[in-house]
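One letter stands for each residue in the lines below.
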Amino acid sequence: MADRAGVWGPRRRLRVPLPRLAGESTGSFVNRLAHAHELELGDLLDRVGTGRQPVNPRLPALAELYVNRAALDHLAMLSGRTPHRLQLALTNLQDRFLLPGDDPARWQWPFEVREGYVVRCCDLCALARGVCEAAWLVWPDPWRVCLRHRRFADDRRGQDPHVVRLEGLPEVVRAHADRVRLERRFGAAGAELFADGFQVVARWWEGTPDVWSWTQRAWRAGLDARELRTAPLVVYPEAVQLAREMLRYEQSGARTRAARAVWVEEVQQLMAGWGLEDVDGWGELAQWLDHHAQPAAAPFADGAGGARRRVLAVGHSRLAESSGSLRERSCMV
């Protein structure tokens, strides 16, 4: 007997268990669930509930699926999990993302993700989990780096390559590892400093994308040097190094005019060493210094240990969020 109960829900679970991918989007999971049972995506969604958007086979790569509680129950039964375990596995099935109304079961596939972005999963990470088809993750930023497999992926659909191999960009791999260490040692403060460094250097790229080192990295990655998706990848090393300089400034506690001038001069010397001597970065550096003019009430810890939360300058904390995308975590708004 065919199991096509629509809004009344499935009568039994589907037969093939699905490997779990940490951070996977609901749309990606449902797409894989359909394929595992030789169903079209729309046929599987008929078992979950009714939806407002026409089903496009490319939707898992473009946007995200949202359901109400009754549809969550149906999806849990289809996948052979309890609703609670499915919510733990898929972030966008958590209560705060559920559609209002418990009955009848329904779903929506809007073209805007409520929080974050849908980013391609590293193909080797997926394969290691037994997933042999394209999969997508919900990520705070429109791009991510897999350090284990040296892959860069983003949310730019229809643009090749979908996943960029980083074997030819060892400096980017080192930069990402350095960022991970920074954030592990200094927690949210480290993440916010990297966000500041990244936002500053990204602005420099927007004004002068033809810097030799940046164009060289783009070409080695097989990307267009002036394409917007190229920026996060090519500026990564300078962004991490600038974040380290920002950390040094925060740790020093000095906020005098002379201290500011010395710091800017030292950063500009670094910029020359990076091949950015023709980039006019004064405006962004001055803006960052203005936001960090008044130190936090408690001294910034040196990261040598202890659970005390490290707080950045007052002006930064007023403008930056403690979580979210790089743009949201930065004071460079």
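Whatever comes next refers back to the structure up there.
A brief structural summary. Because the structure is a prediction, the values reported are computed rather than measured.

When helices and strands are tallied, the protein chain shows 14 helices and eight strands. The buried share of the protein chain, reckoned over its 333 residues, is 52%. For the protein chain, restricting intrachain contacts to residue pairs at least 6 apart in sequence, the fraction spanning at least 24 positions comes to 66%. Surface exposure of the protein chain reaches about 16000 Å², of which carbon and sulfur atoms provide 50%.

Another aspect to go through is the environment of Arg248. With respect to the helices and strands, Arg248 occurs in helix H10 (residues 236–252). Assessed through its relative accessible area of 35%, Arg248 is described here as partly exposed. For the pair Arg248 and Trp263, spaced 15 residues apart in the sequence, the C-alpha separation amounts to 9.3 Å. Filtering out sequence-adjacent residues up to four positions away, Arg248 remains in contact with Trp263 and Glu266.

All right, on to the sheet that holds strand E3 (residues 106–108) then. Read from one edge of the open sheet, three strands run E1-E3-E2, paired in mixed fashion. Across the chains shown, the open sheet's two edge strands, defined by having one partner strand only, are strand E1 (50–51) and strand E2 (66–67).

A separate point is the sheet that holds strand E6 (residues 143–146). If you trace the three strands from one edge of the open sheet to the other, you get E6-E7-E8, paired in antiparallel fashion. Edge positions in the open sheet fall to E6 and strand E8 (163–165), since each of these has one partner strand only. Taken pair by pair, the neighbouring strands of this sheet meet at an average axis angle of 20°, ignoring direction. One ladder, built from four bridges, connects E6 with strand E7 (residues 151–154); its direction is antiparallel.

The next point concerns helix H2 (residues 41–48). For H2, the complete set of buried residues consists of Leu41, Leu44, Leu45, Arg47 and Val48. Taken around the axis of H2, the buried residues stretch over an arc of 150°, which confines them to a single face. Those residues of H2 that are buried are in contact with helix H1 (26–36), helix H3 (59–62), E2, helix H4 (69–79) and E3.

Looking now at the packing of H1 against H2. Taken N-terminus to C-terminus, the directions of H1 and H2 make an angle of 105°; their axes are 9 Å apart at the nearest point. If you check the angle between H1 and H2, you find them roughly perpendicular. Between H1 and H2, the residues in contact are Val30, Asn31, Leu33 and Ala34 and Leu41, Leu44 and Leu45, respectively.

This paragraph deals with the packing of aromatic side chains. Counting across every chain of the model gives ten aromatic pairs. Taking the centre distance of 5.6 Å and the plane angle of 35° together, the rings of Phe194 and Tyr236 count as tilted. Taken together, the residues span a long stretch of sequence, with Phe194 in helix H7 (residues 170–207) and Tyr236 in helix H10 at a distance of 42 residues. The same class applies to Phe194 as to Tyr236, namely buried. Taken together, the ring pairs in this structure connect Trp143, Phe152, Phe194, Phe198 and Tyr236 into an aromatic cluster. The ring of Tyr66 is capped by Arg114, whose NZ or CZ atom sits 4.4 Å from the centre of that ring.

Summed over all chains, the structure comprises 19 salt bridges. One salt bridge in this structure joins Asp178 and Arg244, with 3.0 Å as the shortest N-O distance. Here Asp178, found in helix H7, pairs with Arg244, found in helix H10; they are 66 residues apart in sequence, far enough to count as distant. Look at Arg244 and you get partly exposed, because its relative accessible area is 26%. One network of salt bridges, with partners in common, ties together Asp123, Arg151, Arg165 and Glu167.

Rules used throughout
- Residues numbered from 1 in each chain as written.
- Predicted model: local features only at pLDDT ≥ 70, side-chain atom pairs only at ≥ 80, totals over all residues.
- Heavy atoms only, no water.
- Helix = DSSP H or I, 4+ residues; strand = E, 2+ residues; numbered from the N terminus.
- Buried < 20%, exposed > 50% of the residue type's maximum accessible area, 1.4 Å probe, protein only.
- Contact = heavy atoms within 4.5 Å.
- Areas by Shrake-Rupley, 256 points an atom, 1.4 Å probe, with all protein chains shown as cover.
- Pairing = 2+ DSSP bridges.
- Axes fitted to C-alpha atoms, helices over the stretch in contact; angles between N-to-C directions.
- Arc of directions from axis to C-beta.
- Parallel < 35°, antiparallel > 145°, perpendicular 65-115°, else oblique.
- Phe/Tyr/Trp six-rings, centres within 6.5 Å; stacked < 30°, edge-to-face > 60°.
- Lys NZ or Arg CZ within 6 Å of the ring centre and 35° of its normal.
- Salt bridge = Lys/Arg side-chain N within 4 Å of Asp/Glu carboxyl O.

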